[in-house]
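# Structural description and commentary
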Amino acid sequence: MKRAKIYFIERRSNYFVSVEKVFRQIEKGLDAEKFEVSFQQLPYLNTFFGMIKNLLFFRAERKADVYHVTGDCHYAALILPPRKTVLTIHDLGFLRTRKGLRRWVLKKILLDLPLKRLRYVTAISATTKDEILRHSDCEPGKIRVIENPLDDFFISSDKREFNSADPNILQIGTTPHKNVANVIRAIEGLSCRLTLIGELDDETKKLLMEKKIRFEDKSELDDEAIKAEYQKADLAVFCSLYEGFGLPVIEAQAMQTPLVTSNISPLKEVAGDGGALLVDPFDHKSIREGILKIIGDPDLRQSLRRNGLKNIQRFRRQAIAAKYAELYDKIVVQK
């Protein structure tokens, strides 16, 4: 049987981030006897002029049955065969952070034109799909929701005893929408240590000092180092104000690290039934209450671990890859 050729098109990046990791997991989950998978990066970075040069000079290195634009370079779909191309949209954060003419141009080349041209679009959550529909005239039936997969590397049965006297609290991500300031305000005066994964700006450093938080910041960690931080953490806090999916939710669950996360979509859906303690991310008092509940209640911690391990089964790479395989089969048959 001839294998279908799947060609993943990625943005050019000067560091390895979650989007790229997601589709390496999809590759591992696909049947190698049925699919032949390759990856190619765009030649230029996603600056304004870099996008123009990519549109002018990018050519797929080989022919494929399916071309899959993996996200954050949506415009690549404009120069690929529309009947054979899949576009995955992770979120529309670029619409939230830009204004005026720049926002209008980006919306045209990253959303409106690709959606109009393509037959096949996937969104990583129902929240992202709703956001796409709210900002475009795309037909709802064109968009399939296919969630992000969990990297099996983060599944561990090894968890040290909870330190309720002086817990180590792990915060993954430090960009503005990760809501670090409210987490800092939430733990003011608590006997705890805060580990932050990501680069800190001056404003965040100043707030940490003002609130007298004992903290450690780490950046540019590989998977081994991030896994070690999950293992060392007594609990994780991921109270983002905006996410397309929220991989740290299922990573913390897989590592049996009790989790406080936002009571907003898609985080509450990703966390599943009883898999995390949900709080109002806009209210630091709510975040503090959630943290104190986990610290003070060993039965709750055990329940969160048990429900979290049950929840992550939905996101195992074989299950997610099967959804993509179904889509690829459809494209190959209809091409």
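Heads up: these notes are all about the structure in this document. Just so it is clear, the structure is predicted and the values come from calculations on it, not from any experiment.

Along helix 8 (residues 223-232), the residues that are buried comprise Ile226, Lys227, Glu229 and Tyr230. One side of helix 8 carries all its buried residues, which in axial view fall inside an arc of 155°. For helix 8, the elements touching its buried residues are strand 7 (168-172), strand 8 (193-197), strand 9 (215-218) and helix 9 (247-254).

What follows concerns the pairing of strand 5 (residues 120-123). Where burial is concerned, the two faces of strand 5 agree: the one with Tyr120 and Thr122 and the one with Val121 and Ala123 are both buried. Looking at chain direction, strand 4 (residues 85-89) and strand 5 are connected through 4 bridges and run parallel. Note on strand 5: the bridge partner recorded for Thr88 is Thr122. As paired strands, strand 5 and strand 6 (residues 143-145) are joined by 3 bridges and run parallel to one another.

All right, on to the nonpolar core then. In this structure, Leu30, Phe35, Tyr230, Ile250 and Tyr328 are the most contacted members of the largest nonpolar core, which totals 46 residues. In terms of residues, this core owes the most to one element, helix 13 (residues 317-334), which gives 7 residues. If near-sequence neighbours (up to four positions away) are discounted, Ile250 is found in contact with Asn148, Pro149, Leu150, Phe245, Val270, Asn311, Ile312 and Phe315. In terms of nonpolar packing, the next biggest core, distinct from the first, is built from 30 residues, Val69, Leu80, Phe94 and Leu106 among them.

A word on the sheet that holds strand 7. An order of 9-8-7-10-11-12 is seen for the 6 strands of this open sheet, with the pairing classed as parallel. At either end of the open sheet lies a strand with only one pairing partner, and these are strand 9 and strand 12 (277-279). This sheet shows a mean twist of 20° between the axes of neighbouring strands, independent of strand direction. With 3 bridges connecting them, strand 11 (residues 259-262) and strand 12 associate as parallel partners.

Bringing the environment of Ala322 into the picture now. Looking at the element boundaries, Ala322 is found in helix 13. Taking C-alpha positions, Ala322 is 7.0 Å from Leu30, a pair spaced 292 residues apart along the chain.

Moving on, we get to the pattern of salt bridges. Scanning the model with the defined rule gives 19 salt bridges in all. Residue Asp223 pairs with Lys21 through a salt bridge whose shortest N-O separation is 2.8 Å. You can see Asp223 sitting in helix 8 and its partner Lys21 sitting in helix 1 (residues 18-29), a full 202 residues away along the chain. For Lys21, a relative accessible area of 24% puts it in the partly exposed group. In this structure, Lys232 engages Glu229 in a salt bridge whose closest nitrogen and oxygen atoms are separated by 3.2 Å. Taken together, the positions of Lys232 and Glu229, both in helix 8 and 3 residues apart, correspond to about one turn of that helix. Using a relative accessible area of 5% as the deciding quantity, one classes Glu229 as buried. Residues participating in the shared-partner salt-bridge network are Glu216, Lys218, Glu229 and Lys232.

What follows is about the packing of aromatic side chains. Tallied over the entire structure, the rule returns 10 aromatic pairs. Relative to Tyr328, the ring of Tyr324 lies with its centre 6.1 Å away and its plane at 25°, an arrangement referred to as stacked. One end of the pair is Tyr324 and the other is Tyr328, both in helix 13 and 4 residues apart, which spans about a single turn. The same class applies to Tyr324 and to Tyr328, which are both buried. Here the aromatic cluster, defined as three or more aromatic residues joined through ring pairs, consists of Phe8, Phe23, Phe35, Phe39, Tyr324 and Tyr328. Cation over ring: Arg24 sits above Phe39, and NZ or CZ is 3.9 Å from the ring centre. A cation over a ring is seen here: Arg301 above Phe162, with NZ or CZ 3.9 Å from the ring centre.

Residues Phe48, Phe49, Ile52, Leu56 and Phe57 make up a contiguous nonpolar surface patch of roughly 540 Å² in combined accessible area. Along the polypeptide, Leu56 turns up in helix 2 (residues 48-57).

Turning our attention to the pairing of strand 3 (residues 66-69). Alternating positions in strand 3 separate into two faces, Val66 and His68 on one and Tyr67 and Val69 on the other, with burial throughout. Judged from the 4 bridges that link them, strand 1 (residues 4-10) and strand 3 form a sheet pairing that is parallel. In the sheet register, Phe8 faces strand 3, and the bridge partner there is His68. Across 3 bridges, the pairing between strand 3 and strand 4 is parallel. Across the sheet, residue Val69 finds its bridge partner in strand 4, namely Leu87.

Within helix 2, burial applies to Gly50, Met51 and Asn54. When helix 2 is viewed along its axis, its buried side chains cluster within an angular range of 100° and face the same direction. When the buried face of helix 2 is taken as reference, the exposed residues oriented beyond 90 degrees from it are Phe49, Leu56 and Phe57. Structurally, helix 2 contributes buried residues whose contacts are with helix 4 (100-117).

Conventions and cut-offs
- Every chain is numbered on its own, with residues counted from 1 as its sequence reads.
- Side-chain atom pairs in this predicted model are given and counted only at pLDDT of 80 or more, local residue features only at pLDDT of at least 70, and totals for whole chains, interfaces and linings cover all residues.
- In computing side-chain properties, one takes all heavy atoms of the structure into account and sets aside hydrogens as well as water.
- Using a 1.4 Å probe on the protein chains alone, a residue whose accessible area is under 20% of its type maximum counts as buried, one over 50% counts as exposed, and one in between counts as partly exposed.
- Secondary structure is summarised from DSSP: a helix means a run of H or I of at least four residues, a strand means a run of E of at least two, and numbering begins at the N terminus for each.
- The arc in question is the one traced by the directions running from the helix axis out to the C-beta atoms.
- We call two residues contacting when some pair of their heavy atoms lies within 4.5 Å.
- For two strands to count as paired, DSSP must find a minimum of two bridges between them.
- Nonpolar cores were defined as sets of buried Ala, Val, Leu, Ile, Met, Phe, Trp, Tyr and Cys residues, with membership established by side-chain atoms within 4.5 Å.
- The axes are straight lines fitted to the C-alpha atoms, using for helices just the contacting stretch, and the angles between their N-to-C directions are given from 0 to 180°.
- Take a side-chain nitrogen of Lys or Arg and a carboxyl oxygen of Asp or Glu: if they are within 4 Å of each other, that pair is a salt bridge.
- For Phe, Tyr and Trp, where Trp contributes only its six-membered ring, two rings pair if their centres lie within 6.5 Å, and the inter-plane angle classes them as stacked under 30 degrees, edge-to-face over 60, or tilted in between.
- A ring is considered to have a charge above it if a Lys NZ or an Arg CZ atom is located within 6 Å of its centre and within 35 degrees of its normal.
- For patch detection, residues must exceed 30% relative accessible area and be free of salt bridges, and they are connected within 9 Å for like charges or within 5 Å for nonpolar side chains (Val, Leu, Ile, Met, Phe, Trp, Tyr).
- Accessible surface is estimated by sampling points in the Shrake-Rupley manner with a 1.4 Å probe; for residues, cover comes only from the protein chains shown.

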